[in-house]
Amino acid sequence: MSKFLSSPQLPPGTKPLPTQVAGHKYGDGNIGCLEVDDGTILKLVQNPPNGQRELDFYDEIFKSTYDNTLIELRSFVPEFHGVIHGETNGGVAKHQYLKLENLIKKLSKPCVLDIKMGRKTYDPEASPEKVASQIAKFPPVLQLGYQFTGMLKFDTDKNKMVKYDKYFCRKLTEKTMLIDGLGEFFRQGKYYRKDYIQAVVDKLKSIETWFLNQKKYAFYASSLLLVYNASVDITEAQDIVWCSEEKEEKLDSMEDNKIDLNYESDINQTYDRLKEEGSDETGNSSFNHNNPDRSFVDVRMIDFTHVFPSEDRDENYIFGLQNLIKHLQSLLDM
Ligand SMILES: Nc1ncnc2c1ncn2[C@@H]1O[C@H](COP(=O)(O)OP(=O)(O)OP(=O)(O)O)[C@@H](O)[C@H]1O
Ligand SMILES: [Mg+2]
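Rules behind the numbers
- Residues numbered from 1 in each chain as written.
- Chains lettered and ligands numbered in written order.
- Predicted model: local features only at pLDDT ≥ 70, side-chain atom pairs only at ≥ 80, totals over all residues.
- Heavy atoms only, no water.
- Helix = DSSP H or I, 4+ residues; strand = E, 2+ residues; numbered from the N terminus.
- Buried < 20%, exposed > 50% of the residue type's maximum accessible area, 1.4 Å probe, protein only.
- Areas by Shrake-Rupley, 256 points an atom, 1.4 Å probe, with all protein chains shown as cover.
- Near = heavy atom within 4 Å.
- Polar contact = N/O pair within 3.5 Å; in protein donor to acceptor, adjacent residues only side chain to side chain.
- Domains from an automatic or database assignment.
- Pairing = 2+ DSSP bridges.
- Axes fitted to C-alpha atoms, helices over the stretch in contact; angles between N-to-C directions.
- Parallel < 35°, antiparallel > 145°, perpendicular 65-115°, else oblique.
- Contact = heavy atoms within 4.5 Å.
- Nonpolar A, V, L, I, M, F, W, Y, C, P; charged D, E, K, R; others polar.
- Left-handed = near helix turned anticlockwise from the far one by under 90°.
- Patch = residues over 30% accessible without salt bridge, like charges linked within 9 Å, V, L, I, M, F, W, Y side chains within 5 Å.
- Salt bridge = Lys/Arg side-chain N within 4 Å of Asp/Glu carboxyl O.
- Lys, Arg positive; Asp, Glu negative; His and termini not counted.
- Charge placed at Lys NZ, Arg CZ, Asp CG, Glu CD.

Moving on, we get to the overall build of the chain. What the chain contains, in helices and strands, is 10 helices and 18 strands. Every one of the 334 residues in the chain was classed for burial, and the buried ones make up 54%. Carbon and sulfur atoms form 49% of the exposed surface of the chain, whose accessible area is close to 15700 Å².

Around ligand 1, 22 residues are found, and the nearest of them are Val-21, Lys-43, Glu-101, Asp-114 and Asp-303. Contact between ligand 1 and Val-21: an oxygen atom at 2.9 Å from a main-chain N or O atom of the residue. One of the backbone nitrogen or oxygen atoms of Ala-22 is found 3.4 Å away from an oxygen atom of ligand 1. In isolation ligand 1 exposes 620 Å². Once the protein is present, 93% of that is buried. In terms of domain composition, the shell around ligand 1 takes at least three residues from each of domain 1 (14–101) and domain 2 (110–332).

Below, the discussion takes up the pairing of strand S10 (residues 160–164). Burial runs high along S10: four of the five residues are buried. In this structure, strand S9 (residues 146–155) lies alongside S10, joined through five bridges in antiparallel fashion. Pairing of Lys-153 across the sheet is with Val-162, part of S10. Here S9 folds back onto S10, and the loop between the two strands holds four residues, one of which, Asn-159, carries a positive phi near 60 degrees.

In this section: the packing of helix H6 (residues 177–186) against helix H10 (residues 315–332). Put simply, H6 and H10 touch, their axes get as near as 11 Å, and they point 70 degrees apart. One way to sum up the angle between H6 and H10 is to call them roughly perpendicular. Residues Leu-178, Ile-179, Leu-182, Gly-183 and Phe-186 of H6 pack against Leu-324, His-327, Leu-328, Ser-330 and Leu-331 of H10. Residues belonging to the contact of H6 with H10 are distributed by class as follows: seven nonpolar, three polar and no charged.

Turning our eyes to something else, we now look at the packing of helix H7 (residues 194–213) against H10. In the contact formed by H7 and H10, the axes pass within 10 Å of each other and the chain directions differ by 155 degrees. With respect to their mutual orientation, H7 and H10 come out roughly antiparallel. The crossing of H7 and H10 is left-handed. Residues Lys-194, Ile-197, Gln-198, Val-200, Val-201, Leu-204, Lys-205, Ile-207, Glu-208, Phe-211 and Leu-212 of H7 form the contact with H10, whose own contacting residues are Tyr-317, Ile-318, Leu-321, Gln-322, Leu-324, Ile-325, Leu-328, Gln-329, Leu-331 and Leu-332.

So, on to a positive patch on the surface. Taken together, the side chains of Lys-25, Lys-130, Lys-137, Lys-166 and Arg-170 define a basic patch exposed on the protein surface. Counting residues per element, the ones that place at least two in the positive patch are helix H3 (128–137) and helix H5 (166–171). Position of Lys-166 relative to the elements: it lies in helix H5. A residue is classified by how much of its surface remains accessible, and Lys-166, at 41% relative accessible area, is partly exposed.

Printed below as a string of structure tokens:
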């Protein structure tokens, strides 16, 4: 990720993406992902080779008119709207950005989870130091084949956003991932959103079918972004169950790494703005009556900075994906 000596200048009409859960975020000289008001985000093209690799991959996915593997892949990734050139220096653009569909859009109660896929999260060109640091970050990945890198949840009990930082994610284990990780993401109050879990499983199975049929690409350190809207009227949701009390006690011990975002934070300001724009006195967003904001769930593949050409099925990704599907299905069976 590019470093800057002073606060980076952002392209006009953009601001740091308030729902960014993982990766390099705005601040400390980084730019990160930026929100644009037209329903897109700008992702800074990182220094070579990673940034160019991701740019080339998006180009390939969206330009091809004959390759069915790529045409099919389009529905599993954010829409790509080309490259934006940022501030210039002597006529040369200093920064480039990928313009991508914003997967969170204007959700009134956004819940976002970034899951990095694969047992191996380092690419074939990684240095021994990079390999060692990747392995040390989250050893249970060898069994799980996937790992959480960040999570943000609108908690309907607290009526505010709760952020689960990278330390929360790294404290998860093979044993606790199901309930304290996946379960926690889909838990609202005392309920699991089983309707949303089922929708995610269906989508992941389509992605699995794509992976089982392609031998052109190997995805290292790529993520799945899970997104849903937490409706306030939880009782309206179908197929929701109580979480156990024992679970709540366990979660209390991880409380340090869950941060209730205060109302001054960007994301809560966004939430308040949405409430003002479209709420009735019960706190329900009125724009829900006209569009499907109230029930919204999505899964997309993101982060292609380490996608490499291949001649075999991507067993590394498939292992994690099948495990993730299995784990979500066992949540459904609870
Ligand atoms: N299309 C999108 N819509 C909404 N949010 C997104 C989108 N793409 C990325 N994000 C948010 O930004 C975060 C980081 O994105 P991404 O993984 O692409 O970049 P990164 O991790 O900084 O890149 P790298 O891993 O190469 O450093 C995601 O976890 C997610 O919260
Ligand atoms: Mg990432």
